[in-house]
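# Structural overview
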Amino acid sequence: MKNYDHKKIEKKWQKEWSNKKVYKTLDAGKGKKMYVLDMFPYPSGVGLHVGHPRGYIGSDVYARMKRMEGYNVLHPMGYDAFGLPAEQYALQHKIHPRKAVEENVKTFERQLSIIGLSYDWSRKVNTTDPKYYKWTQWIFLEIYNSWYDNLEDKARKINELISIFEKSGNEKINAVCSNDTKIFSAKEWKDFSVREKQDILMKYRLAFEGYSEVNWCPQMGTVLANDEIVTDAKGNSVSERGGYPVEKKSMRQWFMRITAYADRLLSGLEDLDWSDHIKEIQKNWIGKSQGSEIEFKIKNHDLNIKVFTTRADTLFGATYVVLAPEHPLIIKEQLLITNREEVKKYVEKVKKETDEDRTNNDKEKTGVELKGIKAINPANGEEVPVWIADYVLATYGTGAIMAVPMHDERDRDFAKKFGLPIIDKPLVDAKEITDKVGGKIVTKYKMRDAIFARQRYWGEPIPLKHDKEGIITDLKLKDLPLELPTVKSYEATGTGESPLAGVKSWVKEGYETNTMPGWAGSSWYFLRYMDPTNGKFFASKKATDYWNEIDVYVGGQEHATGHLLYSRFWNNFLYDMGYIKTKEPFKKLKNQGMILATDGRKMSKRWNNVINPDDIVSNYGADTLRVYEMFMGPFEQSLPWSTESIIGSRRFIDKVDRLKDKVKKVKSNEALEKVLHKTIKKVTEDIEDFALNTAISSMMILVNEMEKATDIGEKDFKMFLQILAPFAPHITEEIWQELGEKKSIHKSSWPKWDKEKIVDETVTIGVQVNGKVRAEILIDKEMPEEKVKELALNDQKVIFWLENKSVKRIIYVKGRIVNIVV
RNA sequence: GCCCGAGUGGCGGAAUUGGUAUACGCGCACGACUUAAAAUCGUGUCUCGUAAGGGAUGUGGGUUCGACCCCCACCUCGGGCACCA
């Protein structure tokens, strides 16, 4: 590497910017605001590869331009350091997780600092800081102490629900609640014990306690969320991290009633400036479907089976009914099932299966008939058999279906295997038949309530206490944060309980031993950046009113069904409570593509193909790394790294550096001026659209033009430095100040292009004969159509091609093309 | 299986969204500078053809004066969901 000394220059300016607080965000209320955010990372400890900074560089380019455009830019960085990755790292290295986090943050910051990112580090947040998680706990309590009112379509305080119960019971209430809720009157409510009241309220709370079959990982000693599980090569479920086997286990859990927000999470997507791709993923995940709930009476019993179907129009073709093996009806004793033993055996067998086995649709259908009972098709009064089968899921719809083998492939497979009738009946109107048989139209979602508990040490303690009678009390704000106690061993107990269950003082106080999952702290951190040191509230009203929402959010698309959904849920909730004034937190979302290794695979230690940004910065400089990563290709596209190609970006910067010798206090020639102003326009618009690769290529064209010129006007060159500054902040600052500027280039105002200077009076256009380009003509842009056509027809080459042919038609598209049809 | 997205030189990719396909960069070849190399600069570089000219945007068809762009069918790759009734 020749030419300028990037090491010297970059270090010098990074220090200077930090000393002079060039990137300091002003307080709320000062000027027009712009909130540009990166998804904050897990400081995992393995260090960065060149793919990690790509998103950070993109958002940095954007933030830098906005700052120069005069916005008060909030562009912070922080750490999401609770959760499995940090804990696993700590376990492997036999150190306390807190220590591990500190170390990893240090590594991370060193690696980031040399890239020249314009964060305001004074706003740094860390989810594991008690001053931070105080508010995570507080938000949890707010959610816990709320219920969802379907009529007002918003969350409300639990106290308001209690008042309703005291006045009228829950007879008429329309709320989102667990579906086994019983109806009671005001009088009954009054007579319930404290415990009974607690149990009822728990069915309404937006954060609630319950039991569930969970994905249990014995090796890790923890429960995993569905998105933390992957399928290995043999088709078994294993943990994403570590690849340990995962099985089913029933366990006490805390949940978040995210399903209450399903419809809002869906409709809220509409106005967001996100890629259709991510919207699609969230839509599928929420999985809304309209259908009917219809009751099938059980013959000779006072019981019925409620089924959910989206095809009520096929009701006449329903030839049997299937229950999920977990369906509560099956264990009812009054049900005169004659083959109970067989049924029990099947249910046991299904229990042992993992989700993976059960939901594999290549699997052959299995099931058992409930002998001795029949259901009655309400459409025609016909008796139909009742089966249980594992292809029906207890957790979706009503846990029971009507089977229409004629119209449903799964039902047909099942019917064929067990010799059940497949009949073709005419279709009817879905709504009419639903009404007629006394069913109702309902909406169902695939999305489930989210488990909000981990049997782990390294997470936010859940700020609740259980007394000996099982009465739960919530901590008050003044008692927060409830800090994690120090423990002798933070390793998994292996019994399924959190290490906190082994801390005597903790258990004696009755504190909850579960901790919060990794996504708790990351579901609201963007609000904390607005006012990161506030001790009285998660952020002041002034701050949240001013910063309001994230204008541009940059991060990986792997968070589509996790973080991006949970954050929207919490933000919507906080909006309902009146704490913030916007429902949706992320107005515009950009998902940077991955950088793959040169071999086209993911970068990983395992493949030994990792490229470390430290080496690139050391060999080529941060400016080169930045320019190259933005130039490689479209920002949202995944691309392989090329060790060969990066030299082009370095050459570009070297050229810029050399050009300064040509800079004189003169006016540039007109042609150069024209290219410059076109480039300013292009770069400004491209950065706005995150078309960062073409922004750079247009600047390369400008530089090539500048090389041809004998001298370059100083004013013009400075404008060029300014538009390059977001991409290559160090070298541009160096030359800027060499040219006599005293203030940082990054505090200068973004140049404006001169409209006058970018119009071309003359333009070369192609002349086609029958759609093939045969000639080029130089025309005046405003030349009348007739004259252009005349010019085209008189061109020598055109004359050659028109020989012996008669012109049928001539098409002229202004300033673009002439097409002569013969 | 269903739902998205994408297929353009040796390589990464451009193309004002229907108007001169292959910008910009890498690589490669030749040349200049140099004792030499590196660096730098210049010229060339889709393909067949000596040329005139022909053919090319995954494949085949269609619409249009004109198609990388719109429509139909198919192939390949990437992603999401996956027995959700």
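Calculation rules
Residues numbered from 1 in each chain as written. Chains lettered and ligands numbered in written order. Predicted model: local features only at pLDDT ≥ 70, side-chain atom pairs only at ≥ 80, totals over all residues. Heavy atoms only, no water. Pairing = 2+ DSSP bridges. Helix = DSSP H or I, 4+ residues; strand = E, 2+ residues; numbered from the N terminus. Phe/Tyr/Trp six-rings, centres within 6.5 Å; stacked < 30°, edge-to-face > 60°. Buried < 20%, exposed > 50% of the residue type's maximum accessible area, 1.4 Å probe, protein only. Lys NZ or Arg CZ within 6 Å of the ring centre and 35° of its normal. Contact = heavy atoms within 4.5 Å. pLDDT = per-residue confidence, 0-100.

## Notes on the sheet that holds strand 1 (residues 33–38)
Taken in spatial order, the four strands make up an open sheet running 2-1-21-22, and their pairing is parallel. Here the strands that pair on one side only, and so sit at the sheet edges, are strand 2 (72–74) and strand 22 (589–590). In this structure, strand 1 lies alongside strand 2, joined through three bridges in parallel fashion. Counted as the bridge partner of Lys33 is Asn72 from strand 2.

## Observations concerning the sheet that holds strand 4 (residues 154–157)
Pairing within the open sheet is antiparallel, and its three strands lie in the order 4-3-5. Of all the strands in the sheet, the pair left with one neighbour each is strand 4 and strand 5 (175–176).

## A short note on the packing of aromatic side chains
Across all of its chains, the model carries 52 aromatic pairs by this definition. Residues Phe165 and Phe184 carry aromatic rings whose centres are separated by 5.0 Å and whose planes lie at 80° to one another, so their mutual orientation is edge-to-face. Within this pair, whereas Phe165 is found in helix 6 (residues 158–168), its partner Phe184 is found in the loop between strand 5 and helix 7 (186–191), the two being separated by 19 residues in sequence. Both residues of the pair, Phe165 and Phe184, belong to the buried class. These aromatic residues form a ring-pair network of at least three members: Tyr132, Trp135, Trp138, Trp524, Phe537, Phe538 and Tyr579. The aromatic ring of Phe308 is capped on one face by Lys444, whose charged end is 5.7 Å from the ring centroid. The aromatic ring of Trp801 is capped on one face by Arg774, whose charged end is 3.6 Å from the ring centroid.

## As for the environment of Met632
For Met632, the position within the fold is in the loop between helix 21 (622–631) and strand 24 (639–640). Met632 sits 207 residues away from Lys425 along the chain, and the two C-alpha atoms are 59 Å apart. Beyond its immediate sequence surroundings of up to four residues, Met632 is in contact with Ile595, Leu639, Pro640 and Trp641.

## Brief notes about the confidence of the model for chain A
Across chain A, pLDDT averages 90, with 96% of residues at or above 70. With a pTM of 0.92, the predicted complex shows an ipTM of 0.94.

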